[in-house]
Amino acid sequence: MTDSTFDAHPKLPVFAIAKQSLCFLAMQWRLMALPFIALVLFNLLTMHLTFRYTMAMNPLMPQVISIALLLVEASFIVGVHRTILLDERRTGITFYRADSNWLRYIVTGFLIGLIFVGLAALCIIPLEIGVFISLPRDVLDQVMRMPPRPDMLSALSAGILDHGHTGLFAALAVLGLVFFAIALFIGARLSLAFPAAALGQSKSIGLSWHLARGRAWRLCAICLLSAWLPLMLASLLQIPIDYLALYVAPPRLIIIAESWGALAHAFCVVSWAAGLSLSYQILSGNIRRSA
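The shown structure was predicted, so the numbers you read here are calculated from the model rather than taken from an experiment.

Asker: Please explain the nonpolar core as it appears in this structure.
Answerer: Note on soluble globular proteins: their nonpolar side chains tend to be buried together. In terms of nonpolar packing, the biggest core is built from 46 residues, with Phe24, Met32, Phe76, Val80, Tyr105, Leu192 and Val270 touching the most fellow members. Contributions of two or more residues to this core are made by α1 (14-27), α2 (29-55), α3 (60-86), α4 (100-134), α7 (166-191), α8 (193-198), α10 (216-248) and α11 (253-290). For this core, the leading source of residues is α11, giving ten residues. Not counting residues within four places of it along the chain, the set of residues in contact with leucine 192 comprises Ser208, Leu211, Ala212, Leu219, Leu276, Ser279, Tyr280 and Leu283.

See below:
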């Protein structure tokens, strides 16, 4: 029966969900301590191996290491989703899932990743077209011959301002920003597929699209507050640590810098997964009660 007093279109409490997701690790520390520490250590290992093989000019191994990290993180995230949504309480290494739900989560993530590759292309292509159209051929050839450097973007900007058609480039840049907003909207509509897949839902992407209807920007805000913003703040705090490790303090501080990066990354993985789980809990609960 349908509850006539039940709101069929509940609003997601953005700040309450973000607060709970950021505090989830602390509230569940006894359960999460060992799996979280294991995730941090695995992040440290992958950072070390990636740096080692990059310096050895081995382009394949860093990609393999990145895939291994994604698989381990997927196993951990499935555990977070199922802890929040089903109250499954596994301790230690058993917190990591390696079952059919983990495989379903990986397939769902791969499909959403393909969608985002196409969306990223829509965002970047207008900017590339703007650069090629706006810059004179000789200036473009000069910039393209530059090795990849942090100042390449400033060189392109200077070339467009000095020699190019700034109006045309600005119009195409705005088009790229529009596509970026569309990509954020679609990403938010698909984000709840991750907790749905962790619960074994076979049509998780379609379910997410339905659950997130009218709530895409609130989901974006939840992801921003629970994961993206903390990660950006941690990155800013890491800048002086990296500087001290490389130029002032002994090389041993490099380990501290890497540990801080691994810790911040693992924390944001937990809070992001918790935010999606809490959002899914509210919206899917709505569907069950109104059925």
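On we go from here.
Asker: Help me out: how do you make sense of α3 in this one?
Answerer: Every α-helical turn comprises 3.6 residues, leaving residues that sit three or four positions apart pointing alike. Taking 1.5 Å of rise per residue, 27 residues should cover 39 Å, and α3 covers 39 Å from first to last C-alpha, within 8% of that figure. At the C-terminal side of α3, aspartate 87 shows a positive phi close to 60 degrees.

Asker: Would you explain the environment of glycine 187 in this entry?
Answerer: With respect to the helices and strands, glycine 187 occurs in helix α7. The spatial distance from the C-alpha of glycine 187 to the C-alpha of leucine 219 is 9.4 Å, given a sequence separation of 32 residues.

Asker: Can you walk me through the packing of aromatic side chains in this structure?
Answerer: We describe a pair of aromatic rings using the distance from one ring centre to the other and the angle between the two ring planes. One pass over the structure, following the stated rule, counts six aromatic pairs. Relative to phenylalanine 36, the ring of tryptophan 29 lies with its centre 6.4 Å away and its plane at 65 degrees, an arrangement referred to as edge-to-face. The class of tryptophan 29 is partly exposed, set by a relative accessible area of 40%. Aromatic pair phenylalanine 194 and tryptophan 272: ring centres 5.6 Å apart, planes at 65 degrees, arrangement edge-to-face. Within this pair, whereas phenylalanine 194 is found in helix α8, its partner tryptophan 272 is found in helix α11, the two being separated by 78 residues in sequence. A residue is classified by how much of its surface remains accessible, and phenylalanine 194, at 14% relative accessible area, is buried. Members of the aromatic cluster, joined through ring pairs, are Phe76, Phe95 and Tyr96. Over the aromatic face of tryptophan 209 sits the side chain of arginine 189, whose NZ or CZ is 4.0 Å from the ring centroid.

Asker: Is there a simple way to think about the pattern of salt bridges in this case?
Answerer: Per the stated rule, a full pass over the model turns up three salt bridges. A single salt-bridge network, built from bridges that share partners, covers Arg82, Glu88 and Arg97.

Asker: Help me understand unusual backbone geometry, please; the structure alone is not making it clear to me.
Answerer: Glycine aside, negative phi is the norm for most residues, and most peptide bonds take the trans geometry. With a phi angle near 60 degrees, aspartate 87 is a residue other than glycine that sits in the positive phi range. Structurally, the position occupied by aspartate 87 is in the loop between α3 and α4.

Asker: Explain the layout of surface pockets here, please?
Answerer: The method is simple in principle: a probe with the dimensions of a water molecule rolls over the atoms, and the space it marks as empty is what remains. Approximately 610 Å³ is the volume found for the largest pocket. For the largest pocket, the lining is made up of 17 residues, of which Leu70, Glu73, Ile77, Tyr105 and Trp272 are closest to its centre. Elements represented by at least two residues in the lining of the largest pocket include exactly α3, α4, α10 and α11. Considering every element that reaches the lining of the largest pocket, the biggest residue donor is α3, with six residues. If you add up the space inside the second largest pocket, you get close to 330 Å³. What lines the second largest pocket is a set of 18 residues, and nearest its centre among them are Phe116, Ala183, Gly187, Ala188 and Trp228.

Each value, and the rule that gives it
Residues numbered from 1 in each chain as written. Predicted model: local features only at pLDDT ≥ 70, side-chain atom pairs only at ≥ 80, totals over all residues. Heavy atoms only, no water. Core = buried A, V, L, I, M, F, W, Y, C linked by side-chain atoms within 4.5 Å. Buried < 20%, exposed > 50% of the residue type's maximum accessible area, 1.4 Å probe, protein only. Helix = DSSP H or I, 4+ residues; strand = E, 2+ residues; numbered from the N terminus. Contact = heavy atoms within 4.5 Å. Expected span 1.5 Å × (residues − 1). Phe/Tyr/Trp six-rings, centres within 6.5 Å; stacked < 30°, edge-to-face > 60°. Lys NZ or Arg CZ within 6 Å of the ring centre and 35° of its normal. Salt bridge = Lys/Arg side-chain N within 4 Å of Asp/Glu carboxyl O. 1 Å grid on protein atoms, 1.4 Å probe; cavity = no way out; pocket = protein on both sides within 12 Å on 5 of 7 lines; lining within 4 Å. Points joined across faces, edges and corners; volume = space filled by probe spheres on them.

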